[in-house]
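Each chain is listed here by its residues.
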Amino acid sequence: MNTLEAIQTRRAVKHYDESFTIPNEDFETLMNSVLLSPTSYNIQNWRFVRITDKTLRAQIKEAGWGQEQIGAASELVILCADLNAWNDRPERYWANADHQTQDMLLPMIESFYTDKPQTQRDEAMRSCGMAAQTLMLAAKAMGYDTCPMIGFDPEQVSTLIKLPESHVIVMMIAVGKSRKAAHGRGGQLPLNEVLVENRF
Ligand SMILES: Cc1cc2nc3c(=O)[nH]c(=O)nc-3n(C[C@H](O)[C@H](O)[C@H](O)COP(=O)(O)O)c2cc1C
């Protein structure tokens, strides 16, 4: 499947084959693909929580309004971000770069995020948004379906997964084999309503 086909056929699927297990090798391929998504200054501030504990999965389903896909899909991944990633040994993000590039970028990262909690939070949303779309398209290309979700109580889920203080939850994604196709599309706004040329 090429990229355009994956984009055109990806849907938020709600009904999954509960008996299906994604081979671990596929899950690793999927997540390693996600890691190739872009982040600002390459800070890779995302943190992914794979829920493998059945009891925990059931508790998260309860915190997620009982949504079927939370319990039934083969995998449930919670996309979180570390708000302090920019300040956590940032030399790691440019480990393969030459010294000149490192000397230029590391102070830039510091001044871009220092004392800017809103920017740190925005970056969490940007990075996980990028990661989410990669995850969903890569899953589609591998023959799986997904459902992105924000329909859950974030405080309850934070407690359940022991989310560290400096982290936020951005969304969760169910991944598995569809047992029932998604309904027809809700309807896309026309391009000329959402595409502006030069200025609003
Ligand atoms: C951030 C985000 C949160 C969403 N939360 C939920 C959710 O909690 N439950 C659900 O069934 N669908 C959820 N969806 C799926 C959307 O309803 C769906 O993507 C949208 O209607 C467009 O349909 P499509 O993805 O099939 O094209 C969410 C989608 C996004 C991007």
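Here goes a summary of the coordinates provided. (Residues numbered from 1 in each chain as written. Predicted model: local features only at pLDDT ≥ 70, side-chain atom pairs only at ≥ 80, totals over all residues. Heavy atoms only, no water.)

To continue, consider the nonpolar core. Residues Leu79, Leu135, Ile173 and Val175 are the most contacted members of the largest nonpolar core, which totals 24 residues. When contributions to this core are tallied by element, the ones reaching two or more residues are α2 (24-34), β3 (75-82), α6 (117-141) and β5 (167-176). If one sorts the elements of this core by residue count, α6 sits on top with eight residues. (Core = buried A, V, L, I, M, F, W, Y, C linked by side-chain atoms within 4.5 Å. Buried < 20%, exposed > 50% of the residue type's maximum accessible area, 1.4 Å probe, protein only. Helix = DSSP H or I, 4+ residues; strand = E, 2+ residues; numbered from the N terminus.)

With that settled, the discussion passes to the pairing of strand β4 (residues 145-149). A large share of β4 lies buried, amounting to four of its five residues. Two strands pair when backbone bridges link them, and β4 and β5 are joined in this way by five bridges, in the antiparallel orientation. Looking at β5, one finds that Asp145 is bridged to Gly176. (Pairing = 2+ DSSP bridges.)

Tallied over the entire structure, the rule returns six aromatic pairs. Judged by centre distance (6.0 Å) and plane angle (45°), the ring pair of Phe20 and Tyr144 falls under tilted. Of this pair, Phe20 sits in the loop between β1 (15-16) and α2 while Tyr144 sits in the loop between α6 and β4; the two residues are 124 residues apart in sequence, bridging distant segments of the chain. On the basis of relative accessibility, which here comes to 25%, the residue Phe20 falls in the partly exposed class. Judged by its relative accessible area of 5%, Tyr144 falls in the buried class. Aromatic ring contacts, followed pair by pair, group Tyr41, Trp86, Phe112 and Tyr113 into a single cluster. Seen from the ring of Phe27, Arg50 lies directly overhead, with NZ or CZ sitting 3.8 Å from the centre. Its end group placed over the ring of Phe20, Lys177 keeps NZ or CZ at 5.5 Å from the ring centre. (Phe/Tyr/Trp six-rings, centres within 6.5 Å; stacked < 30°, edge-to-face > 60°. Lys NZ or Arg CZ within 6 Å of the ring centre and 35° of its normal.)

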